[in-house]
Amino acid sequence: MHRSKRMMPGLAAAALAAGAGLAAVVGVAGPAQAASCHLDFARPSTKVYRILVSCTGGTPGTVSLYAEDFPFDQFIANYLPGQLVDQGTLDEDDSPFNREDEIYAKVAVREPDGDFVSVRTNTVSRNF
């Protein structure tokens, strides 16, 4: 007896729908880990600081430094992780009533899928 390998039209449609449903479930199995970054500064000499950025969920790229000042944050400049920054650039609060500097970064992070996202870091508070 010869058996045909053709599926019945209704069975083929059901198999296709089941496969699509399974793919949809696998695709939403869980959200991807969101990228997060941590900012810090090392002081290799008395006049400069090295920008230290560590990220999870992606690779850090451009680091845009900001001074956190109410009511508007001030853009300082764009750097790369590990780049040296002059102490005077980070010393942005010189008023007699507020001498501590608050610096944070927005980091361009390349996620594993190749997309870039902007991630805001923690705020580093110290006297630069």
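Scroll up a little and you will see the structure.
In this report, we go over the structure that sits alongside the text. (Residues numbered from 1 in each chain as written. Predicted model: local features only at pLDDT ≥ 70, side-chain atom pairs only at ≥ 80, totals over all residues. Heavy atoms only, no water.)

## So, the overall build of the protein
Across its full length, the protein carries two helices and eight strands. Listed by position from the N terminus, the elements making up the protein come as α-β-β-β-β-β-α-β-β-β. Within the protein, the proportion of its 128 residues that are buried is 25%. Considering only intrachain contacts with a sequence separation of at least 6, the fraction spanning at least 24 residues in the protein is 51%. A total of about 8,700 Å² of accessible surface is found on the protein, and carbon and sulfur atoms cover 59% of it. (Helix = DSSP H or I, 4+ residues; strand = E, 2+ residues; numbered from the N terminus. Buried < 20%, exposed > 50% of the residue type's maximum accessible area, 1.4 Å probe, protein only. Contact = heavy atoms within 4.5 Å. Areas by Shrake-Rupley, 256 points an atom, 1.4 Å probe, with all protein chains shown as cover.)

## Here we look at the pairing of strand E1 (residues 36-42)
By the alternation rule, side chains of E1 split into Cys-37, Leu-39 and Phe-41, which are all buried, and Ser-36, His-38, Asp-40 and Ala-42, of which none is buried. Alignment of E1 against strand E2 (residues 48-56), held across seven bridges, turns out to be antiparallel. The residue of E2 that forms the bridge with Ser-36 is Thr-56. (Pairing = 2+ DSSP bridges.)

## Description of the packing of aromatic side chains
All chains considered together, the criterion is met by five aromatic pairs. Geometrically, the ring pair formed by Phe-41 and Phe-128 is edge-to-face, given 5.3 Å between the ring centres and 80° between the ring planes. Of this pair, Phe-41 sits in strand E1 while Phe-128 sits in the segment after strand E8 (124-126), and the two are 87 residues apart along the sequence. The exposure class of Phe-41 is buried, given its relative accessible area of 6%. Taking the centre distance of 5.5 Å and the plane angle of 65° together, the rings of Tyr-66 and Phe-75 count as edge-to-face. Classification of Phe-75 by relative accessible area gives partly exposed; the value is 46%. (Phe/Tyr/Trp six-rings, centres within 6.5 Å; stacked < 30°, edge-to-face > 60°.)

## Section: the nonpolar core
Ranked by size, the top nonpolar core spans 22 residues in total, and within it Leu-39, Phe-41, Ile-51, Val-53, Leu-65 and Val-107 carry the most contacts. Looking at this core, the elements that each hand over two or more residues are E1, E2, strand E3 (59-67), strand E4 (74-79) and strand E6 (101-110). (Core = buried A, V, L, I, M, F, W, Y, C linked by side-chain atoms within 4.5 Å.)

## Quick notes on the pattern of salt bridges
Scanning the entire structure with this criterion turns up two salt bridges. Arg-126 serves as the salt-bridge partner of Asp-40, at 3.0 Å between the closest nitrogen and oxygen. Residue Asp-40 is found in strand E1, and its partner Arg-126 is found in strand E8; the two are separated by 86 residues along the sequence. Note on Arg-126: relative accessible area 27%, which makes it partly exposed. Between Glu-68 and Arg-120 there is a salt bridge, with its nearest N and O atoms 2.7 Å apart. Highlighted residues: Glu-68 in the loop between E3 and E4 and Arg-120 in strand E7 (residues 116-120), separated in sequence by 52 residues. Overall, Arg-120 belongs to the partly exposed group, its relative accessible area being 41%. (Salt bridge = Lys/Arg side-chain N within 4 Å of Asp/Glu carboxyl O.)

## As for the environment of Gln-83
Along the chain, the position of Gln-83 falls in the loop between E4 and strand E5 (84-86). Classification of Gln-83 by relative accessible area gives partly exposed; the value is 33%. In contact with Gln-83, not counting residues within four places along its chain, are Tyr-49, Arg-50 and Ile-51. Looking at Gln-83, its side chain comes within polar contact range of the main-chain nitrogen of Leu-80, at 2.9 Å. (Polar contact = N/O pair within 3.5 Å; in protein donor to acceptor, adjacent residues only side chain to side chain.)

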